[in-house]
Amino acid sequence: MDLDELLRRSAPPSARHSPALDRTLDRLVVATEAHVRAPRRLRRFGFVAAATTGVVGLGTVGAVAAGLVPGWVPWATESGRSCQMQFIAQPRGDDGEPATVEYPAADQQRAADEARRFLADFDYRSIDTSQAIAQWQRSEDAAIAATVPGEQQPRLDGADLELSAVGRVVWLRLQAHLEAEGFTRPADAVGFAQAWRCE
Amino acid sequence: MRSALRSASADLLRYFERRVRDLEDAADLLAETMLQAWRRRDVLPAEDERRRMWLFTIAAHVLANQRRAVRRRSALAEQLRSHLQQESASDPAEATAVRDAVLRLHAAQRELVMLIHWDGFTIVEAAELLGLNPSTARSRYAAARERLSEALTDAAAPASAGRT
């Protein structure tokens, strides 16, 4: 056997190529996109409420994310579309935010761990979709009214609207839970993002 | 960007798997590479092959930074990490002697050989990734091959002698 072939065969073992690995890699591509695009979209919308809640809608690009919460949450929209959502909670420091006196890295991690437990057990059916949409649209109206004309973002509609609204409710309830667990101002400790895909 | 990452992701994963001690670290490094690529998407090259080189350049920087600092687990890589725990292929015993010889090369030669023979880059591409001019890479590569041939011959000689 010549040297070239010996060298080719000497490569260390790696994960076997498989459809499952391809799917996982695809999810990672979109999850990283979601992770990076999320803050930009947040700024673009200029939602004051969203900036404090950290709810991020990624549905316009049909984002798919692989995050901390195992699996996806199936969701049928009011208009009958079949969607899946995923929520990602992680220490703010993982977003590049510096640790604060109030929330050093270890405390951020504890808060994020608690957030993940909450999301893993969360009953998504408990959300009143119509009410969630109405609340979202009120925030949206307020944000648009506060934005310089010409820089206003279009209103969400369809599945994007519904899933964004649901995500906002999830985040509000998560914050309430974390506060109840003793994490004051949880938005300073936990970064939260939502991604979804629809058929 | 998505298509560039999707087409290169398996190769990028292998690139990291071949350069880390803990296979699961490869998942975190790949996630970090993807994050950095997305953050720099405004300068993504237009041509497919340049995109691939661009991604591997980012990967090389991510790897170098990982070696200088304690790496944090990436939440984004969680699923891939668990996948690697389950899916690592077996390691053919016959490859280990050659690999050991590669790993004993001087670092500057070693990475060149790895890029060419394990990752499938041409000498010119490997030179670019290592920041070398092609002629330097060629002479370095020739020296590496010579060293490897000697090492493998030396390794084979005692075994042959033992059988006679």
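Below you will find a few notes about this structure. (Residues numbered from 1 in each chain as written. Chains lettered and ligands numbered in written order. Predicted model: local features only at pLDDT ≥ 70, side-chain atom pairs only at ≥ 80, totals over all residues. Heavy atoms only, no water.)

Quick notes on helix 1 (residues 2-17) of chain B
All names here are of chain B. Taking 1.5 Å per residue as the helical rise, helix 1 with its 16 residues ought to reach 22 Å, and the 22 Å between its terminal C-alpha atoms agrees with that figure. Largest kink in helix 1: about 50°, centred on S9. When helix 1 is considered as a whole, its buried residues turn out to be A4, L5, A8, S9, A10, L12, L13, Y15, F16 and E17. (Helix = DSSP H or I, 4+ residues; strand = E, 2+ residues; numbered from the N terminus. Expected span 1.5 Å × (residues − 1). Bend = angle between axes of the 7 residues up to and from the residue. Buried < 20%, exposed > 50% of the residue type's maximum accessible area, 1.4 Å probe, protein only.)

Points about the pattern of salt bridges
Following the criterion strictly, the structure yields 14 salt bridges over all chains and no others. In this structure, D4 of chain A and R145 of chain B form a salt bridge, with 2.5 Å as the shortest nitrogen-oxygen distance. Of this pair, D4 of chain A sits in helix 1 (residues 3-9) while R145 of chain B sits in helix 8 (residues 134-163), which puts the two residues in different chains. On the basis of relative accessibility, which here comes to 35%, the residue D4 of chain A falls in the partly exposed class. A relative accessible area of 23% places R145 of chain B in the partly exposed class. The closest approach of N and O atoms between R50 of chain B and E128 of chain B, which form a salt bridge, is 2.4 Å. Of this pair, R50 of chain B sits in helix 3 (residues 48-68) while E128 of chain B sits in helix 7 (residues 123-130); the two residues are 78 residues apart in sequence, bridging distant segments of the chain. (Salt bridge = Lys/Arg side-chain N within 4 Å of Asp/Glu carboxyl O.)

Things to note about the packing of aromatic side chains
Residue and element names in this part refer to chain A. Under the defined criterion, the tally for this structure stands at eight aromatic pairs over all chains. Aromatic pair F87 and F192: ring centres 5.7 Å apart, planes at 15°, arrangement stacked. Of this pair, F87 sits in strand 2 (residues 82-91) while F192 sits in strand 3 (residues 190-198), and the two are 105 residues apart along the sequence. F192 carries the same exposure label as F87, and that label is buried. Between F118 and F122 the ring centres are 5.3 Å apart and the planes differ by 45°, which places this aromatic pair in the tilted class. Like F118, the residue F122 is buried in the burial classification. Taken together through their ring pairs, the aromatic side chains of F87, F118, F122, Y124, W171 and F192 make up a single cluster. (Phe/Tyr/Trp six-rings, centres within 6.5 Å; stacked < 30°, edge-to-face > 60°.)

Regarding unusual backbone geometry
Residue and element names in this part refer to chain A. Although it is not a glycine, R185 adopts a positive phi angle of roughly 45°. Within the fold, R185 resides in the loop between helix 6 (158-180) and strand 3. Residue R185 is classed as exposed on the basis of its relative accessible area, which comes to 53%.

Thoughts on the sheet that holds strand 1 (residues 73-76) of chain A
Residue and element names in this part refer to chain A. Spatial ordering of the open sheet is given by 1-2-3, a layout of three strands whose pairing is antiparallel. Where the open sheet ends on each side, the last strands, each with one partner, are strand 1 and strand 3. Recorded for the sheet is a direction-independent mean angle of 30° between the axes of neighbouring strands. Bridge count between strand 1 and strand 2: four bridges; the pairing is antiparallel. (Pairing = 2+ DSSP bridges. Axes fitted to C-alpha atoms, helices over the stretch in contact; angles between N-to-C directions.)

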